[in-house]
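Okay, here's what each chain looks like letter by letter:
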Amino acid sequence: MKKITALLSLLLCFSVGKGFADGITVNDITFTPDGQGELILNCTFTQKNITLYQFDLYLPAGIAPAYDEEKQDYDYELSSNHTSEHALQLKDNGAYYRIVVASTSNQIMAPNKGMLLKLRLTATKEAEGEAQGSIKSFSLFATDETEVAMTDTTFKTNVHLRAAEDLNGDGSVNVGDVTTLVNMILGKAPKDDNADLNADGSINVGDVTTLVNKILGKG
Ligand SMILES: [Ca+2]
Ligand SMILES: [Ca+2]
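Quick notes on the rules
- Throughout, a residue's number is its position along its own chain's written sequence, starting from 1.
- Written order determines the labels here, with chains lettered from A and ligands numbered from 1.
- For a predicted model such as this one, the threshold for reporting local features is a pLDDT of at least 70, and the threshold for listing and counting side-chain atom pairs is 80 or more; totals across whole chains, interfaces and linings nevertheless cover every residue.
- Secondary structure counts use DSSP, requiring at least four H or I residues in a row for a helix and at least two E residues in a row for a strand, with both numbered from the N terminus.
- With C-beta atoms placed from the backbone, a residue is buried if 20 or more other C-beta atoms are within 10 Å of its own, exposed if 12 or fewer are, and partly exposed between those counts.
- Remark: residues whose backbone-derived C-beta atoms lie within 7 Å of one another are considered to be in contact.
- Per residue, pLDDT measures the predictor's confidence, with a range of 0 to 100.
- Here, strands pair whenever DSSP counts at least two bridges between them.
- Residues of type Ala, Val, Leu, Ile, Met, Phe, Trp, Tyr and Cys that are buried and joined through C-beta atoms within 7 Å form what is called a nonpolar core.

**A short note on the overall build of the protein chain**
Inference 1: Secondary structure assignment for the protein chain yields 3 helices and 14 strands.
Inference 2: Classification of the 219 residues of the protein chain by burial places 21% in the buried group.
Inference 3: Taking contacts inside the protein chain between residues at least 6 apart in sequence as the whole, the part at least 24 apart equals 66%.

Okay, structure coming up:
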C-alpha cells in the first residue's frame, strides 16, 4: 500500500511538475436537425506576447462555416482574451479553410486558457451521418516572431437533418405532422416555409395530400 501511495505521489509530482504545455483541443460536433453546429477550440497558451494564430480547417463534404448576412461576416466568437483589435479572416482554399486571427495593430492577446474560438457551421444533406474533420498546421506567433506549432487534431461530426415532412420536429413523419400542417393552413400555427411539400408556392390542402401520401408510403 505504501508503495502504491509513493508511486501515486511520484506520478502526481510528475504531472504537476510538467506544467501546462501549449496545446489546443476541439469538440466533436452534433448538428441540430436544422443543420446548425458549433466548432469550439479550447487552448492552453503559455507563450507570452501572442499577437496572432492561424490554422487550416478541414471539414467533411456538406459542412461549411456559417455566414451571417447581417454582419456581412462569418459567424464566430473570439475569446474575451482577444482585444477589440483582433479579427478573424477566413479563406476558402477548396480542400480546407485557412483561418487567421490577427490584430490589425499587433495587439497582444493575453496568455490564454479555455475557449479560444467558436465558429458556427452549417450542414447540408450531403453531410448526413458521421464523418471526421481536422485542424492542421496550427501555429501561433509572438511579438518577437517566435512561432509555436501545435499538434494536428481531429474531431467527429454527427449530422441527422430533419426530414422535410417532419413539420413538428419530433424526429418522425406521421399523423402528428398532418395536425401541424392543418393548423398552419387554418392559421392556428405559424407557417413554416418547409410546409410547402408539393413546392407549388403556397401552403394549402394540396400539401396535406402530399404529406398523407408520404405517410402511406405512396410519396
Ligand atoms: Ca413529426
Ligand atoms: Ca404547396
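**Focus on the confidence of the model for the protein chain**
Inference 1: In this model, the protein chain carries an average pLDDT of 88, and 90% of its residues clear a pLDDT of 70 or more.
Inference 2: Across the protein chain, strand E5 (residues 63–65) holds the top mean pLDDT of 97, while helix H1 (residues 2–18) sits lowest at 49.
Inference 3: Between residues 10–19, whose pLDDT stays under 50, and residues either more than four places distant or in other chains, the model counts 0 contacts.

**Digging into the environment of Ile108**
Inference 1: With respect to the helices and strands, Ile108 occurs in the loop between strand E10 (97–103) and strand E11 (113–123).
Inference 2: For Ile108, a count of 17 C-beta atoms within 10 Å translates into the label partly exposed.
Inference 3: Spatially, the C-alpha atom of Ile108 lies 9.2 Å from that of His86, the residues being 22 residues apart in sequence.
Inference 4: Each residue touching Ile108, except ones within four places of it in the same chain, is listed here: Asn49, Ile50, Thr51 and Thr143.

**As for the pairing of strand E9 (residues 86–92)**
Successive side chains on a regular strand alternate, one facing one side of the sheet and the next facing the other.
Inference 1: Across 7 bridges, the pairing between E9 and E10 is antiparallel. Within E10, the residue paired with Asp92 across the bridge is Tyr97.
Inference 2: Joining the antiparallel neighbours E9 and E10 is a turn of 4 residues, in which Gly94 adopts a positive phi near 85 degrees.

**Brief notes about unusual backbone geometry**
Inference 1: Unusually for a residue other than glycine, Ser137 sits at a positive phi of about 55 degrees.
Inference 2: As for its position among the elements, Ser137 is in strand E12 (residues 129–142).

**Observations regarding the nonpolar core**
Inference 1: Counting 30 residues, the largest nonpolar core has Ile24 and Leu41 as its most contacted members.
Inference 2: Counting residues per element, the ones that place at least two in this core are strand E1 (23–26), strand E3 (36–44), strand E4 (50–58), E10, E11, E12 and strand E14 (153–159).
Inference 3: Ranked by the residues each element gives to this core, the list is headed by E11, at 5 residues.
Inference 4: Excluding its chain neighbours within four sequence positions, the residues that come into contact with Leu41 are Ile24, Val26, Leu116 and Leu117.
Inference 5: Counting residues in hydrophobic clusters, the runner-up holds 5 residues, among them Leu167, Leu181, Ala195 and Leu211.

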